[in-house]
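Each chain, letter by letter, is given below.
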Amino acid sequence: MEETTQNKSLRGERVEISTSKEHSADAFILGEPEEKTTLVAFVAMPFSEKTQEYPESFFDEVLTQLITPAAIQAGFKAETAKKKGSDVIQSTIINDLSKADLVIVDLTEHNPNVLFELGWRMALDKPIALIRALGTKPIFDVDHMLRVYDYNPRLWRSSLEKDIPALADHIKASWDNRDSEKSYAKILIEK
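Presented here is an overview of the structure given in this document. Keep in mind that what you see is a predicted model, and the values were worked out from it rather than measured.

Criteria and thresholds
Residues numbered from 1 in each chain as written. Predicted model: local features only at pLDDT ≥ 70, side-chain atom pairs only at ≥ 80, totals over all residues. Heavy atoms only, no water. Core = buried A, V, L, I, M, F, W, Y, C linked by side-chain atoms within 4.5 Å. Buried < 20%, exposed > 50% of the residue type's maximum accessible area, 1.4 Å probe, protein only. Helix = DSSP H or I, 4+ residues; strand = E, 2+ residues; numbered from the N terminus. Contact = heavy atoms within 4.5 Å. Pairing = 2+ DSSP bridges. Right-handed = clockwise from strand over helix to strand, strands pointing away. Patch = residues over 30% accessible without salt bridge, like charges linked within 9 Å, V, L, I, M, F, W, Y side chains within 5 Å. Areas by Shrake-Rupley, 256 points an atom, 1.4 Å probe, with all protein chains shown as cover. Salt bridge = Lys/Arg side-chain N within 4 Å of Asp/Glu carboxyl O. Polar contact = N/O pair within 3.5 Å; in protein donor to acceptor, adjacent residues only side chain to side chain. Phe/Tyr/Trp six-rings, centres within 6.5 Å; stacked < 30°, edge-to-face > 60°. Lys NZ or Arg CZ within 6 Å of the ring centre and 35° of its normal.

We now examine the nonpolar core. The biggest cluster of nonpolar side chains holds 30 residues, and the ones touching the most others in it are Ile104 and Ile171. Elements with a contribution of two residues or more to this core: β2 (40-44), α1 (58-73), β4 (102-106), β5 (128-133), β6 (148-151) and α4 (157-176). It is α1 that contributes the most residues to this core, eight residues altogether. What Ile171 contacts, discounting residues up to four positions off in sequence, is Ala70, Ala71, Ala74, Phe76, Leu102, Ile104 and Ala129.

Below you can see the structure in the form of structure tokens.
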């Protein structure tokens, strides 16, 4: 993917990018490492809170204060789907889910759209890093088979200082194990 304007860490600023086969022009770059990288981590998570368990803008804070810094620390450019505009966001999401090197999936609140996106990515048998707020109930009958990083939902500075490097390690491990014969799809599909 080529950038036609900025090339440094961005924190949610829209960047003009070329329409290469790598990623869509509608990708919203959240941030990227200082050292140039071609690795992209697409973030699949709820855009808004559906329950009263978390305060308004909770997921925005998780995205900007936890996931983005951890992805950058792990050596990935962090992207998500464009949140505003008149494009067909489902198409953007499916294309980005398919093309990203790694997808970080937040399972908090058991959001049906996020679970669909996770299923899509799992069917492709491509790398994923699963996360959820500490206290989120298991989702799957096979929840114990999948590695999930539980982050502190308080998002205090002291908890972020612990969670960001630990999540970065989880992301790196998910990437490093991408060719494992023990992926969820490979376990389910008979050879």
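Below, the discussion takes up the pairing of β5. Looking along a regular strand, one sees side chains alternate from face to face of the sheet. Taken across its six residues, β5 has six buried, putting it largely inside the fold. Of the two faces of β5, the one carrying Ile128, Leu130 and Arg132 and the one carrying Ala129, Ile131 and Ala133 are both buried. Two strands pair when backbone bridges link them, and β4 and β5 are joined in this way by four bridges, in the parallel orientation. Within β5, the residue paired with Val103 across the bridge is Ile128. Considered for its hand, the β-α-β crossover made up of β4, helix α3 (residues 112-124) and β5 is right-handed.

This brings us to a nonpolar patch on the surface. There is a patch of nonpolar side chains on the surface, built from Phe116, Trp120 and Leu124 and spanning about 290 Å² of accessible area. When you line up the elements, Trp120 lands in helix α3.

A separate point is the side chain of Asn111. Residue placement: Asn111 occurs in the loop between β4 and α3. Reaching out from Asn111, the side chain makes a polar contact with the backbone nitrogen of Asn113 at a distance of 2.9 Å. The contacts of Asn111, once residues within four sequence positions are left out, are Pro46 and Lys50.

Turning our attention to the packing of aromatic side chains. Evaluation of the coordinates by the stated rule reveals five aromatic pairs. Where Tyr54 meets Phe58, the ring centres are 4.4 Å apart and the plane angle is 20°; that geometry is what we call stacked. Residue classification places Tyr54 among the buried positions, given a relative accessible area of 9%. Between Phe58 and Phe59, the ring centres sit 5.1 Å apart and the planes meet at 75°, which makes this aromatic pair edge-to-face. Judged by relative accessible area, which is 1%, Phe59 ranks as buried. Three or more aromatic residues link up through ring pairs in this structure, and these residues are Tyr54, Phe58 and Phe59. Here the basic side chain of Arg178 rests over the ring of Trp175, its NZ or CZ set 3.9 Å away from the ring centre.

The next thing to look at is the pattern of salt bridges. By the definition in use, this model includes two salt bridges. The closest approach of N and O atoms between Glu32 and Lys77, which form a salt bridge, is 3.8 Å. Of this pair, Glu32 sits in the loop between β1 (27-31) and β2 while Lys77 sits in strand β3 (residues 77-81); the two residues are 45 residues apart in sequence, bridging distant segments of the chain. Relative accessible area serves as the criterion here: at 4%, Lys77 is assigned to the buried category. With a shortest N-O distance of 2.5 Å, Arg132 and Asp150 are connected by a salt bridge. Placement of Arg132 in strand β5 and of Asp150 in strand β6 is noted, with a sequence separation of 18 residues between them. Residue class for Arg132 comes out buried when judged on its relative accessible area of 12%. Look at Asp150 and you get partly exposed, because its relative accessible area is 29%.

These figures come from the coordinates and say nothing about function on their own.
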